[in-house]
Amino acid sequence: MYTQSFNVPDSPGAKTVALAPSSEDPALQAAFDARIDADGRIEPQDWMPEAYRKTLVRQISQHAHSEIVGMLPEGNWISRAPSLKRKAILIAKVQDEGGHGLYLYSAAETLGTSRDQMLDGLHSGRAKYSSIFNYPTLTWADVGVIGWLVDGAAIMNQVPLCRCSYGPYARAMVRVCKEESFHQRQGYEALLVMMTGTAEQKAMVQDAVNRWWWKCLAMFGPPDADSPNSAQGMRWGIKRVSNDELRQKFVDATVPQAKVLGVTLPDPDLKWNEERQHYDYGQIDWAEFWETVNGNGPCNKERLATRVKAHNEGQWVREAALAHAAKKKAREMKDAA
Amino acid sequence: MSAAVDYLLHLADNALVLGQRNAEWCGHGPILEEDIALSNVSLDLIGQARLLYQLVATLKGGDCTEDKLAYFRDTHEFRNYTLLELPHHGPLSGYAQSSLEYGTTIVRNFLYSALMALLWEALEKSANADLAAIAAKSLKEVRYHLRHSRDWLVRLGDGTDESHARVQASLDHLFAYTQEFWAHSPAEAAAIAAGIGVDVTTLRADWDAIVDAALSEATLQRPAVSGYVTEGKQGIHSEHLGFLLAEMQSLARAHPNGVW
Amino acid sequence: MTTALKEWPLWEIFVRSKQGLEHKHCGSLHAADAAQALEMARDVYTRRQEGVSIWVVESKAITASNPDEKGELFDPAADKIYRHPTFYEIPEEVGHM
């Protein structure tokens, strides 16, 4: 559930990617364009421009990496969940995120890139994932706030992707969104319950909201004006709604929810604009966003090293399973002979 | 009632402590598919623990709840097998740290699931109808856990030289702890006398058969065991349970009047 | 072993959502062999009671039609309108047929 504005360039620093004019077969290109313009779907074996393929692999794999890295901040509280019910909910939720990562890796694999190649991109630091997971989860209320705000922001992003032009990605997103519907609700409900509790619990919720609010707004990605990849993504039907539009939708949906919850959103400029019929909001710290995207946030190194460690320490297990499968097959062949 | 309570707590603590351990893999598994599988095992176990604690809370009455039992009892009040509280690695002192080791997880899940597949089946005939119902539900779950852990045991044992050596070491480390399965605690004896519990020693031959068949297929050696028999189910634990509970209970205890 | 060989093969997963319905493709996953693919499919694709039966097929065993041949494969069926019941006019008094 955790796509941000993805299509952040993978190599650090480079913020723009030129829209390479296609040097490929013009007839194929025309047929492709016509299908996209007619809101048709592209399937794995169809011809597609290399740039479309590359962009999709990058976007889907970044999305998948985000799900997998996104298991860590919330997983941080599984062992300490304050009730058995909340523990079960949290395990199920973090597990779902693993599942979503898996669906997305599978979708990207249909484009001819193996999961190992994608993981290699993540582990070597070349590939990006949602910047939001480079912030620490400091209290239990963070778990609720991640469900409410981070998943809420992600859902805004993901629902339009169910109509994305690439069939396997769209289908994976349908499955993800279906499963996702419990994530935001469980987070919000956990906070509602805490807000009926002790003064310390209420303070914990407000503190978590204060720490996560601006990061969630940044999750939608740079403003449209600074987001050159967005236009190409929209043209290709792999991004359906612009960053700013989604961000506004999120703010408008969240303000009344915060009121019901009884928390303050930490933005003095946040107020209803009668003329626009939307909430106005303050300035997002984009310098911090880019620092975090480019590896210099509070937990980037920890998150990445944790993924690498799990992968490396699992190597012997994966090898054993393959070796056993090969032995078993050889024995079956021998028996059959 | 006390016989039932003590016995149910033994079953519940087993499920909770092993559920807590299995959940440690969530986000750290050897491959994504296994994160998901082990989380399912954990969710089943925590679900079993909750049903059993709820049953205990009903029997005890007053303001007892599942969470009071899970979060506000101390180490010596836990009644789980010592086997289940051990960290996922070889023998180390309580405050020593080590990485998660998949072989240990698989061997432990296998040894315990093999027992519980038999025990839950026998408990379907418990004189306590509520326990019998929980047993019927848990039996389906544990049969899958047994299948999952047995498959992996065979894959690791009959995989590469490295995996064979690793999983044999895990087996050598953990097997002695299974002696505790067969030594009746007073609570078990009372529960058996009351018709609530099952005499596990009657399951031993079947357990041996399940274990020996799997080990043979996995080309692993069954370790000979003797010496100290752990007494976790009587509240005398290893150094590890204290750390597990300190972590698990910390938040709930920091906010004893909190609502979650 | 080369790096490429170290990756578990890919499997396509088909799930029957309930008795009486067909198995439907729902996604893929990696597993060392078919038995393991089945177990993993259970954990990955039926966490919410989505299925009562699972098939797994190694992805490389699937042969797919070529999208470039879509015209010659599928378009010729377009004008065979007489294959459809609505092609035929039957007097109303005959009732359902």
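Further up the page is the structure itself.
Nothing here was measured: the structure is a model prediction, and the numbers come from that model.

J.: Can you walk me through the interface of chain A and chain B in this structure?
T.: Interface size is commonly expressed as the accessible surface area that is lost when the partners come together. Every contact between the two is made by 50 residues of chain A and, on the other side, 49 residues of chain B. The largest share of the area that chain A buries against chain B comes from Leu84(A), Gln95(A) and Trp316(A), three residues that together contribute 20% of it. Our enumeration of links across chain A and chain B arrives at three salt bridges. Residues Asp158(B) and Arg331(A) are paired through a salt bridge, measuring 3.0 Å at the closest nitrogen-oxygen approach. One can count 18 residue pairs in polar contact (both at pLDDT 80 or more) joining chain A with chain B. Of all the elements in the fold, those that place two or more residues in the side of chain A that touches chain B are helix 3 (71–75), helix 4 (84–109), helix 7 (167–194), helix 8 (199–219), helix 12 (300–313) and helix 13 (315–336) of chain A. Ranked by residue count, the leading element in the side of chain A that touches chain B is helix 4 of chain A, at 14 residues.

J.: How do you make sense of the interface of chain C and chain B when you look at a structure like this?
T.: With 13 residues of chain C at the interface, the matching set in chain B holds twelve residues. A combined buried area of about 1,200 Å² lies between chain C and chain B, and 51% of that area is made up of carbon and sulfur atoms. When the buried area of chain C at its contact with chain B is split by residue, Glu39(C), Arg42(C) and Asp43(C) rank highest and sum to 45% of it. The tally of links between chain C and chain B comes to two salt bridges.

J.: Mind showing me how you'd approach the layout of surface pockets here?
T.: A water-sized probe, rolled over the atoms, reveals where empty space remains. The space that makes up the largest pocket amounts to roughly 1,300 Å³. Contributing to the lining of the largest pocket are 41 residues, with Arg171(A), Glu12(C), His25(C), Cys26(C) and Gly27(C) lying nearest its centre. Looking at the lining of the largest pocket, the elements that each hand over two or more residues are helix 4 and helix 7 of chain A together with strand 1 (10–16), strand 2 (23–30) and helix 2 (70–74) of chain C. In terms of residue class, the lining of the largest pocket is built from 16 nonpolar, eleven polar and 14 charged. Put simply, the second largest pocket is a space of about 1,200 Å³. If you list the elements that add at least two residues to the lining of the second largest pocket, you get helix 3 and helix 12 of chain A together with helix 1 (2–23) and helix 10 (240–254) of chain B. Per-element accounting of the lining of the second largest pocket gives the leading share, six residues, to helix 12 of chain A. Taken together, the residues of the lining of the second largest pocket break down into 15 nonpolar, 16 polar and nine charged.

J.: What is the right way to look at the packing of helix 2 (residues 32–60) of chain B against helix 1 (residues 34–45) of chain C in this model?
T.: Axes are the key here: two packed helices are described by the angle between their axes and the distance separating the axes. One can describe the packing of helix 2 of chain B onto helix 1 of chain C by two numbers: an axis separation of 9 Å at closest approach and a directional angle of 70 degrees. As judged from the angle between their axes, helix 2 of chain B and helix 1 of chain C are roughly perpendicular. Across the interface between the two elements, Glu33(B), Glu34(B), Ile36(B), Ala37(B) and Asn40(B) of helix 2 of chain B pack against Met40(C), Arg42(C), Asp43(C) and Val44(C) of helix 1 of chain C. Taken together, the residues of the contact of helix 2 of chain B with helix 1 of chain C break down into four nonpolar, one polar and four charged.

J.: Please explain the environment of Asp13(B) as it appears in this structure.
T.: Residue and element names in this part refer to chain B. Here Asp13 is to be found in helix 1. For Asp13, a relative accessible area of 0% corresponds to the buried category. Sequence separation between Asp13 and Gly103 is 90 residues, and the spatial gap between their C-alpha atoms is 23 Å. If we ignore the near neighbours within four places in the chain, the residues touching Asp13 are Tyr53, Arg73, Glu77, Phe78, Arg79 and Asn80. A distance of 2.8 Å separates a polar side-chain atom of Asp13 from the backbone nitrogen of Arg79.

J.: How should the packing of helix 4 of chain A against helix 5 (residues 115–123) of chain A be read in this particular structure?
T.: Residues and elements named next belong to chain A. In contact at an axis separation of 9 Å, helix 4 and helix 5 are set at 115 degrees when each is read in the N-to-C sense. Taken together, the axes of helix 4 and helix 5 are roughly perpendicular relative to one another. Pair helix 4 / helix 5 crosses with right-handed handedness. On helix 5, the residues touching Leu102, Tyr105, Ala108 and Glu109 of helix 4 are Arg115, Met118, Leu119 and Leu122.

What counts and what doesn't
- Residues numbered from 1 in each chain as written.
- Chains lettered and ligands numbered in written order.
- Predicted model: local features only at pLDDT ≥ 70, side-chain atom pairs only at ≥ 80, totals over all residues.
- Heavy atoms only, no water.
- Contact = heavy atoms within 4.5 Å.
- Buried area = accessible area lost by both parts, 1.4 Å probe.
- Salt bridge = Lys/Arg side-chain N within 4 Å of Asp/Glu carboxyl O.
- Polar contact = N/O pair within 3.5 Å; in protein donor to acceptor, adjacent residues only side chain to side chain.
- Helix = DSSP H or I, 4+ residues; strand = E, 2+ residues; numbered from the N terminus.
- 1 Å grid on protein atoms, 1.4 Å probe; cavity = no way out; pocket = protein on both sides within 12 Å on 5 of 7 lines; lining within 4 Å.
- Points joined across faces, edges and corners; volume = space filled by probe spheres on them.
- Nonpolar A, V, L, I, M, F, W, Y, C, P; charged D, E, K, R; others polar.
- Axes fitted to C-alpha atoms, helices over the stretch in contact; angles between N-to-C directions.
- Parallel < 35°, antiparallel > 145°, perpendicular 65-115°, else oblique.
- Buried < 20%, exposed > 50% of the residue type's maximum accessible area, 1.4 Å probe, protein only.
- Left-handed = near helix turned anticlockwise from the far one by under 90°.

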